[in-house]
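# Structural features, examined
Take a look at the letters that make up each chain.
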Amino acid sequence: MKLVTGIIQPHRLDEVKAALEAAGVHGITVSEASGYGRQRGHTEVYRGAEYTVDLVPKVRVEVLVTAEEAPRVTDAIIGAAQTGKIGDGKVWTVAVDDVARVRTGEHGPEAL
Amino acid sequence: MAMSEFALDSGNTAWMLTASALVLLMTPGLAFFYGGMVRTKSVLNMMMMSFGALGLVGVIWVLWGYSAAFGTQGNAFVGNPFQYFGLVGLTDQNSIMAASGVPALVAVVFQATFAIITVALISGSIADRTKFSAWMVFSGIWLTIVYVPIAHMVWGGGFESPTGWVAQHISAPIDFAGGTVVHINAGAAGLALALLLGVRKGFGKEPMRPHNLPFVMLGAALLWFGWFGFNAGSEFAADGVAGRAWLNTMVATCMAMLTWLATEKIRDGHATSLGAASGVVAGLVAITPAASSVDSFGAIAIGGIAGVLCALAIGLKYKFGYDDSLDVVGVHLVGGITGTLLIGFFATHHQSAWYPDGASDGLLYGGGFKQLGAQAVAAVIAVTYSFVVTILIGLAIKKTMGLRTSEEVEVSGVDLAIHGETAYETIGSRATMEVNA
């Protein structure tokens, strides 16, 4: 099993959700995130004092999938989140030892 | 001073009752203006400094403040605090609004609202790091030995009044609604306290972003609304001079907002909402002493000049390294001095404008340098007296109870440590309940 995590532009969330549903994903977790990559932050100015704001708002999308599905899910996120501009984000995949469904107590791929 | 007959004027009285309520609203307005400019961890403390001053000054004013500022037994510098202690013995005939037919108790409330906001204004320079207990002690002492004497000197028949020394030797200084008494006074005191307290941890290095700019805009709007009572109410009557003050309060403020925004656009590349709110206050401050005594061109010029000068002056704290957190110096001291001195250029008694007997037209209206000289003297007295005495009060508090919170409290936030509250519910904060009753 794999955990696919995507950090994306907040305004692409709807497209990413639609693409994941089309790819057969049943559930996702979405949270607000902030950070920066190569684009760094932006500047704001208050009464003449210029502040560099490092952290840019992003959305984190997490999906638990089987190992076979992982590349397809990654491609779906990339396809929907990509705008071609700097700051589009990252997607990464990590191995997951176990998954349990809380309601039934099932373990492993059945719990996905 | 005492008149033999008091003839009630219901029109003037109705206006002064209204104006008092307008000016009182400025202090909660200021709480929003200042509160929005600090970070989430200290917004309640910032607003509480205004509300705390409101409570304390309101009571002191009734007990001895009015008597010492506006009683009839004063010398050139201060009145007698015991003459009308608790307002006992104060009659309609011997109040400062007797000539307008306004009852004495209305005069007391109107002047109380000025004393309250002057104290509250100072709190902007000491954000995020001051003990609330020290602030309250400071407020009571400062009101009594700084505000009251200056109000007496300028408005209570003292040294700078139309019958005082300056009027007899140079020209009568003009301070219609509080350029020296309120704004220079609060600005100089703010500078003194900021110097005594020292800079906040991270000042000039870490960003200290205003946490709620809509609050700042709301506060500026409430201040402007209340300021019509402040300036036009200072006529003590509902008449043409009040109308002149009202008009000038509108147009000077509009102009100051525009010139502040233009200055920012050129210097920083953006016309900001914080700049608009700040420009509004700078214009209001500058027109305050001049409201009755300049024509429409004078008002537009004073507002325009104040908007530029204050927008530039807020950078001084970074240059000189004092942490005037919310720019009491840059806006109130500089704006107050600007308005006070520009009267020396623009004063006129034409077009419903008015000034007291013994004052003269300004430099640009054919009156020569006399009025400018009187205005400069008034400004210097206010700056010097307020700064020196505030330093002494601040030092006394610093040596005894202490002025400043611990670094730990400052970093974690004064709201929680001092007031036992946080302004906003944030995700994941869980609470259990216990009732103390």
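Residues numbered from 1 in each chain as written. Chains lettered and ligands numbered in written order. Predicted model: local features only at pLDDT ≥ 70, side-chain atom pairs only at ≥ 80, totals over all residues. Heavy atoms only, no water.

## Regarding the overall build of chain A
What chain A contains, in helices and strands, is 2 helices and 6 strands. Its helices and strands taken in sequence order, chain A reads β-α-β-β-β-β-α-β from the N to the C terminus. In summary, chain A has a C-alpha radius of gyration of 17 Å against a globular reference of 13 Å for 112 residues, an excess of more than 25%. Each of the three principal axes of chain A carries a C-alpha extent, and together these read 60 × 25 × 20 Å. (Helix = DSSP H or I, 4+ residues; strand = E, 2+ residues; numbered from the N terminus. Rg over C-alpha atoms; globule rule 2.2 N^0.38 Å.)

## Describing the state of the cysteines
Note on terminology: disulfide describes a covalent bond linking the sulfur atoms of two cysteines. As enumerated under the stated definition, the model contains 0 disulfides over all chains in all. Between B:Cys310, a cysteine without a disulfide, and B:Cys254, which holds the nearest cysteine sulfur, the sulfur-to-sulfur distance is 16 Å. (Disulfide = S-S within 2.5 Å.)

## Overview of the pattern of salt bridges
Summed over all chains, the structure comprises 11 salt bridges over all chains. Between B:Arg209 and A:Glu44 there is a salt bridge, and its shortest N-O distance comes to 3.3 Å. Of this pair, B:Arg209 sits in the loop between helix H6 (179–197) and helix H7 (213–233) while A:Glu44 sits in strand S3 (residues 42–46), placing the two residues on different chains. For B:Glu407, the salt bridge identified is with B:Lys201, shortest N-O distance 3.9 Å. One end of the pair, B:Glu407, is in helix H14 (residues 407–412); the other, B:Lys201, is in the loop between H6 and H7, with 206 residues separating them in the sequence. Owing to a relative accessible area of 43%, B:Lys201 belongs among the partly exposed residues under this scheme. When salt bridges with common partners are traced through the structure, they connect B:Arg39, B:Asp128, B:Arg200 and B:Asp323 into a single cluster. (Salt bridge = Lys/Arg side-chain N within 4 Å of Asp/Glu carboxyl O. Buried < 20%, exposed > 50% of the residue type's maximum accessible area, 1.4 Å probe, protein only.)

## Some details on the confidence of the model for chain B
Within chain B, residue pLDDT values average 96, and 98% of them lie at 70 or more. In the predicted assembly, ipTM is 0.80 and pTM is 0.89. (pLDDT = per-residue confidence, 0-100.)

## Some details on the sheet that holds strand S6 (residues 89–95) of chain A
Residue and element names in this part refer to chain A. In spatial order, the strands read S2-S5-S1-S6; together these 4 strands make up an open sheet with antiparallel pairing. Two strands close off the open sheet at either side, each with one partner strand: strand S2 (29–35) and S6. Taken pair by pair, the neighbouring strands of this sheet meet at an average axis angle of 20°, ignoring direction. Bridge count between strand S1 (residues 2–8) and S6: 7 bridges; the pairing is antiparallel. Paired with Lys2 across the strands is Ala95, a residue of S6. Each of S1, S2 and strand S5 (56–65) touches helix H1 (residues 13–22); the most contacted strand, S5, lies at about 10° to it. Where helix H2 (residues 70–81) meets the sheet, it contacts S1, S5 and S6, and its direction lies at approximately 10° from that of S1. (Pairing = 2+ DSSP bridges. Axes fitted to C-alpha atoms, helices over the stretch in contact; angles between N-to-C directions. Contact = heavy atoms within 4.5 Å.)

## With respect to empty space enclosed by the protein
All names here are of chain B. Evaluated as defined, the whole model comprises 1 cavity of 30 Å³ or more. Roughly 30 Å³ of internal volume is contained in the largest cavity. Met26, Leu30, Ile117, Leu121, Val182, His183, Leu223, Trp227, Val281 and His332 are the residues that line the largest cavity. Secondary structure elements with two or more residues in the lining of the largest cavity: helix H1 (10–37), helix H3 (104–122), H6 and H7. Class assignment for the residues of the lining of the largest cavity results in 8 nonpolar, 2 polar and no charged. (1 Å grid on protein atoms, 1.4 Å probe; cavity = no way out; pocket = protein on both sides within 12 Å on 5 of 7 lines; lining within 4 Å. Points joined across faces, edges and corners; volume = space filled by probe spheres on them. Nonpolar A, V, L, I, M, F, W, Y, C, P; charged D, E, K, R; others polar.)

## Focus: the interface of chain A and chain B
Counting from both sides, the interface comprises 8 residues of chain A and, opposite them, 19 residues of chain B. Between chain A and chain B, a total of about 1,100 Å² is buried, with carbon and sulfur atoms accounting for 60% of that surface. At the boundary of chain A and chain B, one finds 2 salt bridges. For A:Arg47, the salt bridge is made with B:Asp327, and the minimal N-O distance between the two is 3.0 Å. For the pair chain A and chain B, the interface holds 5 residue pairs in polar contact (both at pLDDT 80 or more). Taken together, the residues of the side of chain A that touches chain B sort by class into 5 nonpolar, 1 polar and 2 charged. (Buried area = accessible area lost by both parts, 1.4 Å probe. Polar contact = N/O pair within 3.5 Å; in protein donor to acceptor, adjacent residues only side chain to side chain.)

## Considering the layout of surface pockets
All names here are of chain B. Taken as a whole, the largest pocket encloses approximately 940 Å³ of empty space. Taken together, 32 residues make up the lining of the largest pocket; nearest its centre are Ile96, Trp155, Pro162, Phe236 and Trp354. Elements represented by at least two residues in the lining of the largest pocket include exactly H3 and helix H4 (132–155). Partitioning the lining of the largest pocket into residue classes produces 19 nonpolar, 9 polar and 4 charged.

## Examining the packing of H1(B) against H3(B)
All names here are of chain B. Their axes nearest at 9 Å, the elements H1 and H3 cross at an angle of 15°. The angle between H1 and H3 falls in the class roughly parallel. Handedness of the crossing formed by H1 with H3: left-handed. Of the residues in H3, those touching H1 at Thr13, Met16, Leu17, Ala19, Ser20, Val23, Leu24, Met26, Thr27, Leu30 and Tyr34 are Val106, Val109, Phe110, Thr113, Phe114, Ile116, Ile117, Ala120 and Leu121. Along the lines of polarity and charge, the residues of the contact of H1 with H3 split into 16 nonpolar, 4 polar and no charged. (Parallel < 35°, antiparallel > 145°, perpendicular 65-115°, else oblique. Left-handed = near helix turned anticlockwise from the far one by under 90°.)

## Digging into helix H12 (residues 328–346) of chain B
Between its first and last C-alpha, H12(B) extends 25 Å over 19 residues, near the 27 Å set by a 1.5 Å rise per residue. Counted residue by residue, H12(B) has 15 buried out of 19 residues, so it is predominantly covered. (Expected span 1.5 Å × (residues − 1).)

## Looking at the nonpolar core
Residue and element names in this part refer to chain B. Counting 108 residues, the largest nonpolar core has Phe33, Tyr34, Trp61, Trp135, Trp142, Tyr147 and Phe230 as its most contacted members. Dropping the residues within four chain positions of it, Trp61 is found in contact with Tyr66, Ala69, Phe70, Val108, Gln111, Ala112, Ala115, Tyr147 and Val148. Membership of the second largest hydrophobic core comes to 18 residues, among which are Ala167, Ile287, Ala347 and Tyr355. (Core = buried A, V, L, I, M, F, W, Y, C linked by side-chain atoms within 4.5 Å.)

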